[in-house]
Amino acid sequence: MANQSGNVYGLTVLSPILQDPNAETSHNCAIRMNLAGLPRDESSPFARVSSTHMARLVVMDDVVYVGMPSCEEHLKSQYLVFETNFDGDLDTYLARMAGEIPTEVDGIWQHCWGYPGVQDVGAFISYMKMCQITTTFYFADVNNKTVQQTLRALQTQAAVAEFIENNQGRTPVELQKSFADFLQMLRNAPPPIPGRPGTGGPPRIETRMKWATKN
Amino acid sequence: MANINYKTYAMNAITPMKWWKTWIVRVFLFILGAIKPLQKDLVQLSFIHFARWVIITRSKFPHAAQQQPKEELKYDYLLFFSNFNGTWNQYIDAFSAVLSRGLNSIWRWSEKFPGSVPVTPFKQYIARCQFDTDYYYTAYPYAATNDVKAAHRVQSALEAFEKESAGKSPEEFARSYLTFLVAVQRDLGETGKAPIGT
Amino acid sequence: MSKLDATDIQGFVLRGYGLPFARYMFLEIADAHSGQVFIGRLLDQVTTGEHWDAGKPEWTLNIAFTHKGLVNLKLPDASLLSFPVEFLQGMKARGEILSDAGENGSEKWDAVWRDGRVDIWLAVNSKTKETLDVVCADLQRLMGETGGAKVVDSQDAGAFFIDGHWSAKEHFGYTDGFGNPDFLGVERDTQPGQGKLIADGTWAPLATGELLLGYADEAGELPVAPIPHLLASNGTFMVYRKLHQNVATFRRYLEENGKLYSGGKEKLASKFIGRWRDGTPVELSPDAPNQEIVKDKQRNVNFTFGNDLEGWCCPIGAHVRRMNPRDAFGFNGRLINRRRITRRGLPYGPYVPEDQPVRDDGEHGIIFMALNASLFRQFEFVQQQWLEYGNDARLGNEKDMLMGDHEGRDRYTIQGTEDPKNPPFVCGGLPNFVELRGGDYFFLPSMTALRMIAAGTVDPR
């Protein structure tokens, strides 16, 4: 199924953007302004739709003219491209968008032809599916781990590296005890937050003072 | 720069195709999808999280409302979306150096594609056909795809070690720990910000 | 391809002179006309790439220009603007790209570099200190006579004289000077391992255009070069970096970690770089140094990493592996061939034997110079992606252990095995062993181009 690779779904949606010659700000500009103000880190709406690995929104103004002898042609509307890579099935994801980030979805898609709003989840899903383009070929480097699994693994990786550095040269008894404590710490670690720059691992110990004193 | 979110770059490109060439691209992309060994170079390069090609034939641009004017186009369009690590130049240099045949088989059907070798006209073509991302989100901004894969290997190794070393004497534990170290020692690179894009 | 005209190329580009003394003088041009006269008077003395039939000369002279220098010589605007962007900007402005920040930031540089005063690099290498002083005094006299330029700073550098002979060691005790690439058409004592890997596992010289402007490079293109052709052809770009070495910190770090590492201190040192301190490549001899390999030209750079992808012999982040990954990234080394640089340079400051006290704030360091046809694609790429970063080597954000900007918090992982003499080992809390004290990008013109610059006859089209 071309839209899917393993457990990851690659959704491509092209929503035609309204054109209103009487509007003070054209709709595509309004979308751009809205997007410029959206946070991209853990406060991102897509962090809340937490099954999202990566997502982008792009205002596609026109097709490209590559030069003679190609013909020059133009689109009659601009299109909002929504490219997202997420865990699970399409309907669940779209329902999550409608349910968990309705304000942001409205803010963006209200500028598009035929957008029904998010109150009627079924209508929203139908609208998005109508604008969906089937992905012809989808490549996912890691396609069998969810966002949470990946974030946890990154947290573990940072913690393990820290543990190895701090426990170098310990006796077997000390090592075993230290490791037991470590596992406990890892188990109790809060779930890592999607979209946050950082590893979610323990803070690095500042060991600068040890070596950098110049003499 | 909205194309980049820490370690990952969101590239978008659109190229026109004469309608009677579109099916050739579909066949190549189908073969690429179906025959996994063909993807091995892509996997070895290991700098793409997710990538996709999307063909939009000229009549299939979404028409969402009666009053929306219908598109009247001569060309079909090939859209390309990539989520990759590294700089723009590095990415294209690498593709041109090692994947030129594969790239050519997909893009030569697009109008005025100059070939992926030599690299400079190829970069000029991409610059022409690329359009910028307005908003880009990634759930793990500090991690390149190499980091993600390394992290999963460490996670598996840790789980296996935890099971295997449970209830062992300290000496046996220390021996197992050494085995564990050797298993994860290549995958401990810290994650963080990427060098500045060039 | 046709044979290179070595007499048109400055000797410094084609060979490391191997002369023990050097002085790099940095000049400011007084005005375009007298600057041209000065350069014209120098022309006969500039050392070219011609073959030395009678053995090494007593001294050599070479010259290079910053973009500002070329501006001050009033080259035509069209030529000036046609230089590659990174050369136009100069190394200081490229600081973010090179990760020259913090301890390596330009605020900490020597004044002459911080204030961007350098127009010309004039380099004299010589057999003796006396000759060096005499030649440099003559050059200063010439500057005075022509009124063309004045020295705003000068940097002495030189090999160490240890145990009665000239040594190739640098301040951390490593034997330096291996691994410069081979190029098509450049006459040189070729050693297997210097060039690029080809499909049958042997080595071939790199395309000439990786070193010299005006020739095809490894991608089959001509590197970006200024106009006209004659200005660019047979020239190259050079990056000059003064790298201060914190010798006391390094020795303490090695001593303390050497006690914790069961392979011992010398082996630990070998794992930092990928060569034992005597020069033995770790990939060929991971357990002990071996002078036989060092002296054998057929072997001392002839190795690959394909059988050591785990890093058990040579750690994945070791310096030589970062600077030239050879076949470590797969694809038969094709991702590497456009990222090679040619190194020149000498240590500066007095040699302090291992058993003598030394200070970090002493004058100890290395003058690092790299020659390449494209600063952006070669030096800048290696510095940014392979030295101050580790993603291509699958090491995340890990940096080169000796050269990286660690800010006291990074770690370096040495991969090992279950053999107690070759254990996995993590070097933590890395300080900055090396600090950048300044430098810039230079253009080293051919003799033809130099004559044109001296005569003021550079004509863009």
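Residues numbered from 1 in each chain as written. Chains lettered and ligands numbered in written order. Predicted model: local features only at pLDDT ≥ 70, side-chain atom pairs only at ≥ 80, totals over all residues. Heavy atoms only, no water.

Let us look at the overall build of chain A. Within chain A one finds eight helices and five strands. Seen along its three principal axes, the alpha-carbon backbone of chain A occupies a region of about 75 × 50 × 35 Å. Here chain A holds 215 residues, and the buried ones make up 52% of them. For chain A, contacts bridging at least 24 residues in sequence account for 75% of all contacts bridging at least 6. (Helix = DSSP H or I, 4+ residues; strand = E, 2+ residues; numbered from the N terminus. Buried < 20%, exposed > 50% of the residue type's maximum accessible area, 1.4 Å probe, protein only. Contact = heavy atoms within 4.5 Å.)

The secondary structure content of chain C amounts to 15 helices and 14 strands. Here chain C has a C-alpha radius of gyration of 22 Å; the compact-globule value for 461 residues is 23 Å, and the two agree. Its C-alpha atoms put chain C at 70 × 50 × 45 Å along the principal axes. Residues counted as buried form 62% of the 461 residues belonging to chain C. Considering only contacts within chain C whose residues lie at least 6 apart along the sequence, 71% involve residues at least 24 apart. If the 51 positive side-chain charges of chain C are averaged to one point and the 63 negative ones to another, these points end up 1 Å apart. (Rg over C-alpha atoms; globule rule 2.2 N^0.38 Å. Lys, Arg positive; Asp, Glu negative; His and termini not counted. Charge placed at Lys NZ, Arg CZ, Asp CG, Glu CD.)

A separate point is the sheet that holds strand 6 (residues 135-138) of chain B. The antiparallel open sheet is built from five strands, whose spatial order is 1(A)-2(A)-4(A)-3(A)-6(B). Every other strand in the sheet has two partners, leaving strand 1 (4-5) of chain A together with strand 6 of chain B as the edge strands with one partner each. Here strand 3 (residues 52-60) of chain A pairs with strand 4 (residues 79-87) of chain A via eight bridges, running antiparallel. Bridge assignment links Val59(A) to a residue of strand 4 of chain A, and that residue is Leu80(A). Together, strand 2 (8-16), strand 3 and strand 4 of chain A form the strand contacts of helix 3 (residues 90-100) of chain A, whose direction differs from that of strand 4 of chain A by roughly 115 degrees. (Pairing = 2+ DSSP bridges. Axes fitted to C-alpha atoms, helices over the stretch in contact; angles between N-to-C directions.)

To continue, consider unusual backbone geometry. When glycine is set aside, most residues are seen to have a negative phi, and most peptide bonds are trans. For the peptide bond that leads from Met68(A) to Pro69(A), omega is 5 degrees, which places it in the cis range. Here Pro69(A) lies in the loop between strand 3 and strand 4. One non-glycine residue, Ser99(C), lies in positive phi territory at about 60 degrees. You can see Ser99(C) is positioned in the loop between helix 6 (95-98) and helix 7 (111-114). For Arg394(C), which is not glycine, the phi dihedral falls at a positive 60 degrees. Note on placement: Arg394(C) falls in the loop between helix 14 (376-387) and strand 12 (410-414). Residue Arg394(C) is classed as partly exposed on the basis of its relative accessible area of 34%.

With that settled, the discussion passes to the packing of aromatic side chains. Residues and elements named next belong to chain C. As enumerated under the stated definition, the model contains 65 aromatic pairs over all chains in all. Between Tyr24 and Tyr240, the ring centres sit 5.9 Å apart and the planes meet at 80 degrees, which makes this aromatic pair edge-to-face. Here the residue Tyr24 occupies a position in strand 1 (residues 21-29), and Tyr240 occupies one in strand 9 (residues 236-245), the gap between them amounting to 216 residues. These aromatic residues form a ring-pair network of at least three members: Phe12, Tyr17, Tyr24, Phe26, Trp52, Trp113, Trp121, Tyr240 and Phe442. Directly above the ring of Phe303 sits Arg326, whose terminal nitrogen or CZ lies 4.0 Å from the centroid. (Phe/Tyr/Trp six-rings, centres within 6.5 Å; stacked < 30°, edge-to-face > 60°. Lys NZ or Arg CZ within 6 Å of the ring centre and 35° of its normal.)

Now for the side chain of Thr138(B). All names here are of chain B. With respect to the helices, strands and loops of the structure, Thr138 is situated in strand 6. Residue Thr138 is classed as buried on the basis of its relative accessible area of 0%. A distance of 3.2 Å separates a polar side-chain atom of Thr138 from the backbone nitrogen of Tyr140. (Polar contact = N/O pair within 3.5 Å; in protein donor to acceptor, adjacent residues only side chain to side chain.)

Residue and element names in this part refer to chain C. Counting buried residues in strand 10 (residues 342-348) gives five out of seven residues, a clear majority hidden from the surface. One ladder, built from seven bridges, connects strand 10 with strand 11 (residues 365-372); its direction is antiparallel. Residue pairing in the sheet places Arg343 in a bridge with Ala370 of strand 11.

We now examine the nonpolar core. Tyr24(C), Trp121(C), Leu122(C), Met238(C), Tyr240(C) and Phe272(C) are the most contacted members of the largest nonpolar core, which totals 118 residues. Tallying contributions element by element places strand 1 of chain C first for this core, with seven residues. Sequence-distant contacts of Met238(C), defined by excluding residues within four places in its chain, comprise Phe12(C), Ala64(C), Trp121(C), Met369(C), Ala370(C), Leu371(C), Leu375(C), Asp440(C), Tyr441(C), Phe442(C) and Leu444(C). Residues Leu45(B), Leu103(B), Trp107(B) and Phe331(C) belong to the second largest nonpolar core, which totals 67 residues. (Core = buried A, V, L, I, M, F, W, Y, C linked by side-chain atoms within 4.5 Å.)

The next thing to look at is the interface of chain B and chain C. In this complex, chain B contributes 36 residues to the contact, which on the side of chain C involves 35 residues. Roughly 3,100 Å² of surface becomes buried between chain B and chain C when both sides are summed, with 51% attributable to carbon and sulfur atoms. Viewed at the interface, chain C and chain B are joined by four salt bridges. Taking the shortest distance from any N to any O, the salt bridge between Arg339(C) and Asp93(B) comes out at 3.3 Å. In this structure, the connection of chain B to chain C is made through 20 residue pairs in polar contact (both at pLDDT 80 or more). For the side of chain B that touches chain C, the secondary structure elements donating two or more residues are helix 2 (40-45), helix 3 (88-98), helix 5 (119-129), helix 6 (145-165) and helix 7 (170-184) of chain B. Considering each element in turn, the side of chain B that touches chain C owes the most residues, six residues, to helix 3 of chain B. Considered class by class, the residues forming the side of chain B that touches chain C number 15 nonpolar, 14 polar and seven charged. (Buried area = accessible area lost by both parts, 1.4 Å probe. Salt bridge = Lys/Arg side-chain N within 4 Å of Asp/Glu carboxyl O. Nonpolar A, V, L, I, M, F, W, Y, C, P; charged D, E, K, R; others polar.)

All names here are of chain C. Among the secondary structure elements, Asn180 is positioned in the loop between strand 6 (165-167) and strand 7 (196-197). Taking the C-alpha atoms as reference points, Asn180 and Thr342, 162 residues apart in sequence, are found 5.3 Å from one another. In this view, Asn180 contacts Arg188, Gln194, Arg340, Ile341, Thr342, Arg343 and Arg344; residues no more than four positions away in its chain are not counted. Within the local environment of Asn180, its side chain forms a polar contact with the backbone nitrogen of Arg343, the two atoms lying 2.7 Å apart.

Bringing the interface of chain B and chain A into the picture now. Contacts between chain B and chain A engage 94 residues on the former and 90 residues on the latter. For the pairing of chain B and chain A, the buried interface totals around 7,700 Å² over both sides, and the portion due to carbon and sulfur atoms is 64%. Among the residues of chain B in contact with chain A, Arg52(B), Tyr135(B) and Tyr137(B) are the three that bury the most area, contributing 13% of the side total. In this structure, the connection of chain B to chain A is made through five salt bridges. Residue Glu83(A) pairs with Arg52(B) through a salt bridge whose shortest N-O separation is 3.8 Å. For the pair chain B and chain A, the interface holds 43 residue pairs in polar contact (both at pLDDT 80 or more). Here the side of chain B that touches chain A gets twelve residues from one element, more than from any other, and that element is helix 6 of chain B.

Next up on the list: the pairing of strand 4 (residues 75-85) of chain B. Residues and elements named next belong to chain B. The buried count for strand 4 comes to eleven of eleven residues, which makes it a mostly enclosed element. In this sheet, strand 4 lies alongside strand 2 (residues 8-18) in antiparallel orientation, the contact comprising eleven bridges. The residue bridging Ile14 from the neighbouring strand is Leu79, located in strand 4. Note: strand 3 (residues 48-56) against strand 4, eight bridges, orientation antiparallel. Across the sheet, the residue bridging to Val54 is Leu79, located in strand 4.

By themselves, these observations are geometric and do not establish any function.
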